[in-house]
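Here is how the chains run, residue by residue.
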Amino acid sequence: MATETRPVGGVPLKERNVAEQKGAPVLTSSARSRPVSPAAVEADTVQVWPHLVVIEFLAAMIFTIMLVLLGTLVNSPLEGLADADKTPNPSKAPWYFLNLQELLLHMNSALAGVIVPTVALIALAAIPYIDRGSTGLGVWFYNKRGPLVGAFSAVYTTVILCVLIFLDQPTKVVAFKDTFSSWLKGKPDVATEGPLHWLTQLLASWPFGDEPTARGVLVEAIMGWTFPTVVMLTFIVLLVVILKRMFRNPPLNTSEIVIGLFSGFVATYILLTFVGTFMRGPGMQLFPPWDVPPTDYGQIILHMLGLV
Amino acid sequence: MAQQLRSERTLTPRVHTRPGPEDTQGGLVEGASRRDFLRLTMLGSLGLMALGGLGAFIAFFVPQKVGTFGSKVKALTIDDIKDGDVVRYQPGKFWLSRYKEPALGNKSVLIALFWKCKHLGCTVPWKPDESFQGNEGIFHCPCHGSIYLRNGQNVAGPAPAPLDFMAITLDGRNITVDSGKRTTRVQYDPKQATVIG
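Numbering of residues starts from 1 in each chain and follows the order in which that chain's sequence is written. Written order decides the labels, with chains lettered from A and ligands numbered from 1. Per-residue local features are limited, in this predicted model, to residues with pLDDT of at least 70; the limit for side-chain atom pairs, both in listing and counting, is 80 or more; totals at the level of whole chains, interfaces and linings are taken over all residues.

**Examining the overall build of chain B**
Looking only at helices and strands, one finds 2 helices and 11 strands in chain B. Counting from the N terminus, the helices are DSSP H or I runs at least four residues long and the strands are E runs at least two residues long. Mapped in sequence order, the helices and strands of chain B form the string α-α-β-β-β-β-β-β-β-β-β-β-β. Counting other C-beta atoms within 10 Å of a residue's C-beta gives its exposure: the residue is buried at 20 or more, exposed at 12 or fewer, and partly exposed in between, where C-beta atoms are placed from the backbone. Scored against the burial criterion, the 197 residues of chain B give a buried share of 28%. For every residue pair, C-beta atoms are placed from the backbone, and the pair is scored as a contact if these atoms sit within 7 Å. Taking contacts inside chain B between residues at least 6 apart in sequence as the whole, the part at least 24 apart equals 45%.

Structure (structure tokens):
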């Protein structure tokens, strides 16, 4: 009896049985099951040639044809030599980086360029370790709630981001840094003292030495770092709270919360890419997509020739 | 049968003949075999390549271009620039800005601003037609939209600090800007400007 229950193949008996119940073909022989026949192996196998290679060949042909068509029909001339004394206006990264560049407009560069992307990548990589349940593994939409959670999350994120991007327009809506700086200012720079002037005076005596230094450090620490971080975290936590309140019966499981957060991430990624690509004009000002002034490459070339 | 043949073949000892000095024909170099010659040639070329690489590495330590930027620039006189003007001076990579400073009793002051953005280093253009909160004329970075006032103070956008300023010395009416002496600051202070007259 003991020899009968011991698995002979690579897969332990318990796991093999579970897999068999799910209907997955198991090609391991064990003491209890019959040896697998070569015919069964063949029935479960797809050959590389022709099945895979033909698909790859077709994909390669389609891509080649599309690239040739794009290269023929879409005009994309090179600009002149780069000139370090004259940065093109607006100066944009390749389109697939414009989400990051959009993020850079709104906060300290280390936060937007390093910390946020790193945290996002680590969070993405951590999903399999957070969502460890096996329900619906490998199945699209195993219940009706997943798509609902994802859709709500995407709409929520899009609306919040649109409002935030609209608000952070220093020349048109709110100049966060300048407003905060004016709260910290005192006489004789301004006619009326700002409500937080006592704070800069306090920090000027220690540790910064003088009032302007205290004000500069404080503005960057609060408006460059703290405020954007708090805003980002608040809306992420708020999303989870709202989702948990919307779907209470039965309570959301980890997998569904992860679906919500991931949908929010994808919506953010797409929206930031869209805004960066189609809604930023000279000086990286915000424009409606149909009203973005074209980049004046003519001016840049004239400048390089020394005519402007 | 085939297996047997293969094993027999591997068992057969292979005879290596090592050409010695006596193999040299024509007496090109007495005592050096063809093998020695090839080996020395290969090692010699490798050595030359390594020397070349080392030379190129050392050459990086020698400054190649010594020009205007980084040195003292005597470019303009006070008469070339009026109050409210911001003048571009390409060789020194700075903007020379002259304005009345209210904190110093409305005296005329000069400040030379290094034109590299404090955010990620784009060249910041002066935009006389744009304004910010009633300040006519701003520096507006084309890369991430940072805005600086005419004294270099950052007021909006992601720039974390005001533009660096360069040391100015006034010799009569001549303005000398030391483009190598750039000062980083966290906030504009009227003390950083040079009072005229």
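**Details of the overall build of chain A**
Within chain A, the secondary structure is distributed over 12 helices and 0 strands. When the elements of chain A are put in sequence order from the N terminus, they spell out α-α-α-α-α-α-α-α-α-α-α-α. Looking at chain A as a whole, 18% of its 308 residues qualify as buried. When contacts within chain A are restricted to residue pairs at least 6 apart in sequence, long-range pairs at least 24 apart make up 54% of them.

**Observations concerning the packing of helix α8 (residues 176-184) of chain A against helix α10 (residues 211-246) of chain A**
Residue and element names in this part refer to chain A. Between α8 and α10, whose axes approach to 10 Å, the crossing angle comes to 140°. Considered as vectors, α8 and α10 are oriented oblique to each other. Note on packing geometry: the crossing formed by α8 with α10 is right-handed. Residues F176, K177, F180, S181 and L184 of α8 lie in contact with α10, whose contacting residues are R215, L218, V219, I222, M223 and F227. Lines fitted to C-alpha atoms define the axes here, with helix axes fitted over just the stretch in contact, and angles between the N-to-C directions of these axes take values from 0 to 180 degrees. Working definition: roughly parallel below 35 degrees, roughly antiparallel above 145 degrees, roughly perpendicular at 65 to 115 degrees, and oblique for all remaining angles. Each helix crossing is assigned a hand: it is left-handed if the near helix lies turned anticlockwise from the far helix by less than a right angle, otherwise right-handed if that turn is clockwise.

**Examining the interface of chain A and chain B**
Listed per partner, the contact involves 32 residues of chain A and 25 residues of chain B. Elements supplying a minimum of two residues to the side of chain A that touches chain B: α8 and α10 of chain A. The dominant element in the side of chain A that touches chain B, judged by the number of residues it contributes, is α10(A), at 7 residues. Partitioning the side of chain A that touches chain B into residue classes produces 13 nonpolar, 12 polar and 7 charged. Following the grouping adopted for this structure description, the nonpolar residues are Ala, Val, Leu, Ile, Met, Phe, Trp, Tyr, Cys and Pro, the charged ones are Asp, Glu, Lys and Arg, and the polar ones are all others, Gly among them.

**Points about helix α2 (residues 34-59) of chain B**
Along an α-helix, residues three or four apart share an orientation, since each turn contains 3.6 residues. The end-to-end C-alpha distance of α2(B) is 37 Å, a good match for the 38 Å that 26 residues give at a rise of 1.5 Å each. Of all 26 residues in α2(B), 0 are buried; the element is thus mostly exposed. By this rule, a helix spans an expected 1.5 Å times one less than how many residues it contains.

**Comments concerning the pairing of strand β10 (residues 174-183) of chain B**
Each regular strand shows side chains that alternate between the opposite faces of the sheet. Residue and element names in this part refer to chain B. Only when DSSP finds a minimum of two bridges between them are two strands counted as paired. Judged from the 5 bridges that link them, strand β1 (residues 72-77) and β10 form a sheet pairing that is antiparallel. By the bridge assignment, K74 is partnered in β10 with T176. Note: strand β9 (residues 165-171) against β10, 7 bridges, orientation antiparallel. What sits directly across from A167, in β10, is D178. In this antiparallel pair of consecutive strands, β9 and β10, the connection spans 2 residues, and G172 shows a positive phi of 65°.

**Concerning α8(A)**
Among all positions in α8(A), only A:K177, A:D178, A:S181 and A:L184 are buried. Summarising the axial view, the buried residues of α8(A) lie within an arc of 115°, below the 170-degree limit, and thus occupy one face. Tucked into the core, α8(A) has its buried residues touching α9 (197-208) and α10 of chain A together with β8 (154-156) of chain B. The arc in question is traced by the directions running from the helix axis to the C-beta atoms.

**Description of the sheet that holds strand β6 (residues 135-140) of chain B**
All names here are of chain B. One open sheet holds the 4 strands; their spatial order is β5-β6-β7-β8, and the pairing between them is antiparallel. Strands at the two margins of the open sheet, each flanked by one partner only, are β5 (126-132) and β8. Direction of pairing for strand β7 (residues 147-148) relative to β8: antiparallel, over a ladder of 2 bridges. Looking at the pairing, I147 lines up with A156 of β8.

**Side note on the confidence of the model for chain A**
Fine structural detail should not be taken from predicted coordinates in areas where pLDDT scores are low. Residue and element names in this part refer to chain A. Across chain A, pLDDT averages 83, with 83% of residues at or above 70. pLDDT gives the predictor's per-residue confidence on a scale running from 0 to 100. The spread of mean pLDDT over the elements of chain A runs between helix α1 (residues 2-5), the lowest at 40, and helix α7 (residues 145-167), the highest at 95. Predicted confidence is poor over residues 1-21, with pLDDT under 50, and the contacts of this stretch with residues over four places away or in other chains come to 26 contacts.

**Description of the confidence of the model for chain B**
Chain-level statistics for chain B give a pLDDT mean of 84 and a share of 83% at 70 or above. For this predicted complex, the interface confidence reaches an ipTM of 0.70, while the overall pTM sits at 0.71.

**Some details on the environment of A:G264**
Residues and elements named next belong to chain A. Checked against the element boundaries, G264 lands in helix α11 (residues 254-278). Among the residues examined, G264 registers 25 C-beta atoms within 10 Å and is labelled buried. G264 sits 18 residues away from M246 along the chain, and the two C-alpha atoms are 16 Å apart.

**Some remarks on the nonpolar core**
Think of a nonpolar core as buried Ala, Val, Leu, Ile, Met, Phe, Trp, Tyr and Cys residues, each tied to the set through C-beta atoms within 7 Å. Ranked by internal contacts, the top residues of the largest apolar core, which has 34 residues, are B:F94, B:A112, B:L113, B:Y148 and B:V177. For this core, the elements supplying multiple residues, two or more each, are β1, β3 (94-101), β4 (107-114), β6, β7, β8, β9 and β10 of chain B. Residue contributions to this core peak at 5 residues, all from β4(B). If we skip the residues at most four places from it in the chain, B:F94 touches B:Y89, B:A112, B:L113, B:F114, B:W115, B:M166, B:V177 and B:S179. If you look at the next biggest cluster of nonpolar residues, it comprises 7 residues, including A:L103, A:M107, A:L272 and A:M284.

**Considerations on unusual backbone geometry**
All names here are of chain A. Looking along the chain, the bond that leaves N89 and enters P90 is cis, with omega of -5°. Structurally, P90 is set in the loop between α4 (48-73) and α5 (98-104). Cis geometry is found at the peptide bond from N249 to P250, where omega equals -5°. The residue P250 is located in the loop between α10 and α11 in this model.

**A look at the environment of A:I115**
Within the element layout of this structure, A:I115 appears in helix α6 (residues 109-130). Each C-alpha atom, one on A:I115 and one on A:S181, is 25 Å from the other, the two residues being 66 residues apart in sequence.

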